[in-house]
Structures are given as structure tokens and as C-alpha cells.
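# Structural description and commentary
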Amino acid sequence: AIGTCAYGALAGPWADGGAFSVSGLPVSSAASSQTSVAFWMYWDGSDSVMPIGWNAHDLWLTSGSFGFNTGNSDVFGIASAGLANGWHHVVAVFTNGSVSSNQLYIDGVSQTLTQRQGTPNLSNAVVSSNLRIGGWQANNSYRFFGRIDEVRLYNGSISPAQVSAAYTETRTCPIRPVGDWHLDDL
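Just so you know, the residues in each chain are numbered from 1, in the order the chain's sequence is written. In view of the model being predicted, local features appear only for residues whose pLDDT reaches at least 70, and side-chain atom pairs are presented and counted only at 80 or more, with totals across whole chains, interfaces and linings using the full set of residues. Computation of side-chain values: all heavy atoms of the structure, hydrogens and water removed.

## Describing the sheet that holds strand 1 (residues 8-11)
- Spatial strand order, 1-13-3-8-9-10: six strands in an open sheet with antiparallel pairing. Bordering the open sheet on either side are strand 1 and strand 10 (109-110), each of which pairs with just one other strand.
- By definition, two strands form a pair when at least two bridges between them are found by DSSP. Runs of H or I in DSSP of at least four residues are treated as helices and runs of E of at least two as strands, each being numbered from the N terminus. Strand direction decides the pairing type here: strand 8 (residues 87-95) and strand 9 (residues 98-106), joined by five bridges, are antiparallel. In the strand pairing of strand 9, Val90 is matched with Ile106.
- Whether two residues touch is decided by their heavy atoms; if any such pair falls within 4.5 Å, the residues are in contact. Geometry is summarised by axes, namely lines fitted to C-alpha atoms with helices restricted to the contacting stretch, and by angles between N-to-C directions that run from 0 to 180 degrees. Here helix 1 (residues 160-168) sits on the sheet and contacts strand 3 (34-43), strand 8, strand 9 and strand 13 (145-155); the angle it forms with strand 8, its principal contact strand, is near 150 degrees.

## Things to note about the packing of aromatic side chains
- Each Phe, Tyr or Trp ring (for Trp, its six-membered ring) is paired with any other whose centre lies within 6.5 Å, and the angle between the two planes then decides the class: stacked below 30 degrees, edge-to-face above 60, tilted in between. Following the criterion strictly, the structure yields eight aromatic pairs and no others.
- Here the aromatic rings of Tyr42 and Trp87 are separated by 5.7 Å at their centres, their planes lie at 70 degrees, and the arrangement is edge-to-face. Here Tyr42, found in strand 3, pairs with Trp87, found in strand 8; they are 45 residues apart in sequence, far enough to count as distant.
- Any residue under 20% of the maximum accessible area for its type is buried, any over 50% is exposed, and the rest in between are partly exposed; the area is computed with a 1.4 Å probe on protein chains only. Given the relative accessible area of 19%, Tyr42 is considered buried.
- A network of ring pairs unites the aromatic residues Trp14, Trp60, Trp136 and Tyr142 as a single cluster.
- Whether a charge lies above a ring is judged from NZ of Lys or CZ of Arg, which has to be within 6 Å of the ring centre and within 35 degrees of the ring normal. When the ring centre of Tyr42 is taken as reference, the NZ or CZ atom of Arg147 above it lies at 4.0 Å.

## Some words on the side chain of Asn69
- With respect to the element layout, Asn69 can be found in strand 6 (residues 65-69).
- Think of a polar contact as two N or O atoms within 3.5 Å of one another; within protein, one of them needs to be a possible hydrogen donor and the other a possible acceptor, and neighboring residues in sequence only count if both atoms come from side chains. Separated by 2.8 Å, the side chain of Asn69 and the backbone nitrogen of Gly71 make a polar contact.
- Looking at Asn69, its side chain comes within polar contact range of the main-chain oxygen of Asp74, at 2.8 Å.
- Residues contacting Asn69, with those up to four places away along its chain left out, are Met50, Ala56, His57, Asp58, Trp60, Asp74 and Trp136.

Given below as C-alpha cells:
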């Protein structure tokens, strides 16, 4: 990621591996409401993993696809070719009660989404106040293998200008002189 100083490293295993759960998020679960999530992702290419997920509405990397899943072995999204082993900025717009209204941006570019696998279960296509980074809330499987950084949440659909700003934002990381390390840094 551009100017990334630190990130969360998630090394699995697939079941019960590491993840971060965030609760108490002020999102709307009303029909047709939208919630956007932006983050940097370095995926190691492992199959059937989820970088982020609500209860059963998530992003899933599986069988050569990357996109929205509703817990019904479904993917509404894009081919995952070219996403492994490199940093990519991802913005996902989740629409309650729909997947066809969802949006996905990769490295600042809006993607054309198609139903690549299965049939969505639209009753599961809803966000909640609990988000898991490195899996989904439905269970402790589908743990992500790779690194995730700078997760951001937006009420509503993020604008193309906001996507571009998040993608091109840089950070100045503090530089510490050699020998300026302390035991509590290790």
C-alpha cells in the first residue's frame, strides 16, 4: 500500500485462524440502505477465504472469483486473476437486500460485476453492527491468508471521488534511527 506503516497479518489456518471483530458499528440494516468498506489487501492466493464479512454478506475469494457472497456458495463479482501476491485497494459497496446493486472498486477502478457462481440468498444480503476483518461473522471458517490495512467504513455508497482519494492517499511513516529501539518495541 502507498505509505503503509503497519498492517494486520492474517496467517490462517482456514478454520479458527486469526481475525479482527469490530462491534457496535452504526450502520443501517434497512432494506436498500448501503454501507461501503474500503481497505488495502495483500492476498496470498489461498482459495476460499474472506477478507471481510458481516454475518453472511461478505467478500469471498474462491475458485478464481472475487466478489460478494450471501452464504449460498454464490459470488457476484469479478475474476480474481492478478489479485494474489500484491497490494490492492478494495472498495465494496454493500446494498441490503440486493447484490446486483453492489459495487466493487479495485485500485480505484469501478469493476463490472457478474454472477460468477451460484444464486444469491438475498435474505442474507444485509450488513450488521458487527464486521469481521479476516473472515465473516457466521462462523470461524474462511479465514483470510495475507495482510489487510487501513479498513474504513462509510454510511451509504462511497463516491468515485472518495474512492480515488482513498486509493491515492499517502502516509508518512516515522523513521527511527538505528539503535533507537527499546526492549518493549520487540
